[in-house]
Amino acid sequence: MTTFPKQYIEKEHMTKADIAIARGDGIGPEIMAATLAILEAAQANITLHEIEIGQNVYLKGFQNGIDPKSWDIIHATQAFLKAPVTTPQGGGFRSLNVAIRAALGLYANIRPCIAYDPFVDTKYPGMDVVVIRENEEDLYTGVEYRHTQDCYHAIKMTTRQGCEKIIRYAFEYARQNNRKKVTCFTKDNILKMTDGLFHAIYDACAKEYPEIEHEHWIIDIGAAKLTDTPQNFDVIVLSNLYGDILSDITAQIAGSVGLAGSANIGERGAMFEAIHGSAPRRAGQNLANPSGLIMAAIMLLEYLDDIDTATLIHNAWLKTIEEGIHTYDIFEEGKSSIKVGTKEFAHAVISRLGKMPEKLASAKKSKGIIRIKEGAHLTPPHETKRLVGADIYIDASEIPLEGCIRAAQAVRAEVTFIANRGLVLYPHAAHLRSVTINQEMKAHFRCRFLAKGDTDFTPKDIISLQEKIISQGLDVTKYEGLYTFGEKPGFRETP
Ligand code: NAD
C-alpha cells in the first residue's frame, strides 16, 4: 500500500471542488483514465461530473459537439478538465473549443513550454517559456464575408478591455510566479490601430509592474528570435492568432508537444486540456502519452488552490520522466530506460507520489495559475465621437469614379480616394479610370467619402450616399463608418 505524506491527510477537511470532465475522442478516453487514476491516488479533493463531447455528439446533430444539457454542468462546476476531441470532416460543424471559450469568457490561454533535458530530447536545453495568448478576440471571432467573385474579408476585432485583461494577466502571472520578463509581440508597424492598441496597453500596464522587465518585438523578428534563442524569453503575451501559431511552435521546439498542457482562464470558469489533439491513429492501443493532460490537471489543481496536490503530482511526474520511464513518443534508446504504455506510465507516476525528482528541478509550491478579479481597469479616454464619412465597398468591373463623384455631390461629400487592396487608383492614378480591371485587380473598390468642410455626416447621409451609388448601377457590398475620437481619426487616413 502506498504511504501518503502528511499533506494528503490534512486535506480531508477541505471542501471538494466540483469538476466537469469529458473523455473526448481518439486517445482522449485513455489519457483521461490515466489522469483520473493519478488524481484519485493523490486524493485530489474533487468531485467529478462527466459530460459527453466530441464526435458522437457532433454526429447526433449538435453543431458545437456538445449536448445543450451538458452546458448546465459546465456552468455549475468550478472548472472543466477536457480530453481532446475529433472534429468531424465536412462543413456544418463548429469548433467546440470556440463555443466553450465564448460560454465561459475564457480570455486567457496559458501554455508553459518546458524542456526536460537531458531526459527528453530538445533542441534547447533549459528552455522554460510561458506563452499567454488572448483567447476571445482578433480574427477568431469568426466574422468573415465573401463580397465579390474573388474577394473575401475577415474582421480582426480588438477591444481596449480585451487587450488589458490578457496583458494584465500576463504581468500578474509573471509577478506571482517570480518570472523576470514579459515580452509582447505585435505587428503594429502594419496593423497600426488594432495591434497598435495592444502595444499601447502593454506599455501602459508595464508601468504598473516596475520590477518586471518588459520588451516589445514586431512578431516576425520576435518569432525568429524566439525560435533561435528561446532562453532569452520568459513570459510572452500575444493576441489570438499570433498566440495560436507561436504557442505551438514554442511547445514544439521545447521538444515536448506531447508533454504540454494548457489552461484557459476566464470570468465565468476555467478549462484545462492537453495541447495535442485526439491522435486517432494511436487510439485504443495503450500507446498515448497522458502527460499533456496530467500537466493540465496539475494546473487545474493550482487554479483550485490545491497547491499541495498539484506539487505532489508534478514532482512524481518529474521523477518518472527523469527515471526514463517513457511512452513511445519520447522514448529514445540511451536516454530512456523503459518504454511503457499509457496505463503503465500512470502507474509509474502513482507509485512515485511523495517522491522528489533528483536531477530535474522540483516543482515549486506556488500557485502557477492565477485568477484575476479586477480585470481591466485602465481609464479609457473620454473622446467625443463624430461621424465624418464612410468607406463604401463597390463590386465593379471598372473604377467607379464617375458614379462616386456624382453620389458624393448629392450628400455634401467628396471622394478622397478609391483603392483596391491598398493600391490607390484615384486620385494618384486617375488615368486608370477607363481601364477595365484585370484579373489581378479583383474588382473590389474601397471608395472613401468625407463630409465637405467642417460638417458632420449623419447615418442618414450614409444611407442616401449608398442609394445614390446604387442608382448609378453600382453594386455596394459593404460600408464602414468613419469616425473621429477627439482630434484623432478612428480610421487609417491613407489606404
Ligand atoms: P494530434 O495532436 O491529434 O496528433 C498529431 C500526432 O502527434 C499523432 O499522430 C501522434 O503521432 C502524435 N501525438 C499527439 N498526441 C500524442 C500523445 N498524447 N501521445 C503520443 N503521441 C501523440 O493532431 P492531428 O492529427 O492534427 O489532429 C487529430 C484530431 O484532433 C483532429 O480531429 C483535430 O481536429 C483534433 N484536435 C483537437 C484538439 C482539441 O480537442 N483541443 C486540438 C488539436 C486537434
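Above: the structure in question.
Residues numbered from 1 in each chain as written. Predicted model: local features only at pLDDT ≥ 70, side-chain atom pairs only at ≥ 80, totals over all residues. Heavy atoms only, no water.

As a further point, take the sheet that holds strand E17 (residues 423-426). Judged by pairing direction, the sheet is antiparallel, and its 6 strands sit side by side in the order E17-E16-E18-E15-E19-E20 without closing on themselves. With one partner strand each, in any of the chains shown, E17 and strand E20 (488-489) form the two edges of the open sheet. Sheet topology note: the strand E15 (residues 385-395)/strand E19 (residues 475-485) ladder contains 10 bridges and is antiparallel. Paired with alanine 390 across the bridge in E19 is glycine 481. Along the sheet, helix H13 (residues 401-410) makes contact with E15, strand E16 (413-420), E17 and strand E18 (444-451), crossing E16 at roughly 155 degrees. (Pairing = 2+ DSSP bridges. Helix = DSSP H or I, 4+ residues; strand = E, 2+ residues; numbered from the N terminus. Contact = heavy atoms within 4.5 Å. Axes fitted to C-alpha atoms, helices over the stretch in contact; angles between N-to-C directions.)

To continue, consider helix H14 (residues 459-471). Its 13 residues give H14 an end-to-end C-alpha distance of 19 Å, which sits within 8% of 18 Å, the value for a rise of 1.5 Å per residue. All buried positions along H14 are accounted for by Asp461, Ile462, Leu465, Gln466 and Ile469. Burial along H14 is one-sided: seen end-on, the buried residues are contained in an arc of 135 degrees. Turned more than 90 degrees off the buried face of H14, the exposed positions are Lys460, Glu467 and Ser471. Packed against the buried residues of H14 are E15, H13, E18 and E19. (Expected span 1.5 Å × (residues − 1). Buried < 20%, exposed > 50% of the residue type's maximum accessible area, 1.4 Å probe, protein only. Arc of directions from axis to C-beta.)

A separate point is helix H12 (residues 342-351). All buried positions along H12 are accounted for by Thr342, Phe345, Ala346, Ala348, Val349 and Ile350. Residues of H12 that are buried make contact with helix H2 (28-41), helix H10 (291-303), helix H11 (307-322) and strand E13 (325-326).

Here we take up the pattern of salt bridges. This model, assessed by the stated rule, comprises 27 salt bridges. Aspartate 128 serves as the salt-bridge partner of arginine 179, at 2.8 Å between the closest nitrogen and oxygen. A residue pair is termed long-range when its members are at least 10 positions apart, and arginine 179 in the loop between helix H6 (160-176) and strand E8 (181-186) and aspartate 128 in strand E5 (residues 128-134) qualify at 51 residues. A residue is classified by how much of its surface remains accessible, and arginine 179, at 16% relative accessible area, is buried. Two residues, lysine 181 and glutamate 215, come together in a salt bridge whose shortest N-O distance is 3.2 Å. With lysine 181 in strand E8 and glutamate 215 in strand E9 (residues 213-218), this pair connects stretches of sequence that are 34 residues apart. A single burial state applies to lysine 181 and to glutamate 215, both of which are buried. (Salt bridge = Lys/Arg side-chain N within 4 Å of Asp/Glu carboxyl O.)

Further remarks concern the site of the ligand. Near the ligand there are 19 residues, and of these Val85, Gly277, Ala279, Asn289 and Tyr328 occur at the shortest range. Within the contact set of the ligand, an oxygen atom lies 2.7 Å away from a backbone nitrogen or oxygen of alanine 279. In this structure, asparagine 289 approaches the ligand through a main-chain N or O atom, which is 2.9 Å from a nitrogen atom. Taken together, the residues of the shell around the ligand break down into 7 nonpolar, 7 polar and 5 charged. (Near = heavy atom within 4 Å. Polar contact = N/O pair within 3.5 Å; in protein donor to acceptor, adjacent residues only side chain to side chain. Nonpolar A, V, L, I, M, F, W, Y, C, P; charged D, E, K, R; others polar.)

This part covers the packing of aromatic side chains. For the coordinates displayed, the defined rule picks out 6 aromatic pairs. An aromatic cluster is present here, built from Phe171, Tyr202 and Tyr209 joined pairwise through their rings. Above the face of the phenylalanine 233 ring, lysine 181 is positioned so that its terminal group lies 5.8 Å from the ring centre. (Phe/Tyr/Trp six-rings, centres within 6.5 Å; stacked < 30°, edge-to-face > 60°. Lys NZ or Arg CZ within 6 Å of the ring centre and 35° of its normal.)

For the rest of this paragraph, the subject is the side chain of serine 247. With respect to the element layout, serine 247 can be found in helix H9 (residues 240-253). Polar side-chain contacts of serine 247 include one of 3.1 Å to the side chain of arginine 111. Discounting residues that sit within four places of it in the chain, serine 247 has contacts with Arg111, Cys113 and Val131.

Moving on, we get to the nonpolar core. Residues Leu81, Tyr169 and Phe272 are the most contacted members of the largest nonpolar core, which totals 83 residues. At 10 residues, H10 tops the list of elements feeding residues into this core. Taken domain by domain, this core gets at least three of its residues from each of domain 1 (1-106 + 255-364) and domain 2 (123-244). Phenylalanine 272 has contacts with Ala79, Phe80, Leu81, Lys82, Ser262, Ala263, Ile265, Ala296, Met299, Leu300, Tyr303 and Ile369, leaving out every residue within four places of it along the chain. Grouped together as the second largest cluster of nonpolar side chains are 26 residues, Ala390, Leu425, Tyr426 and Ile469 included. (Core = buried A, V, L, I, M, F, W, Y, C linked by side-chain atoms within 4.5 Å. Domains from an automatic or database assignment.)

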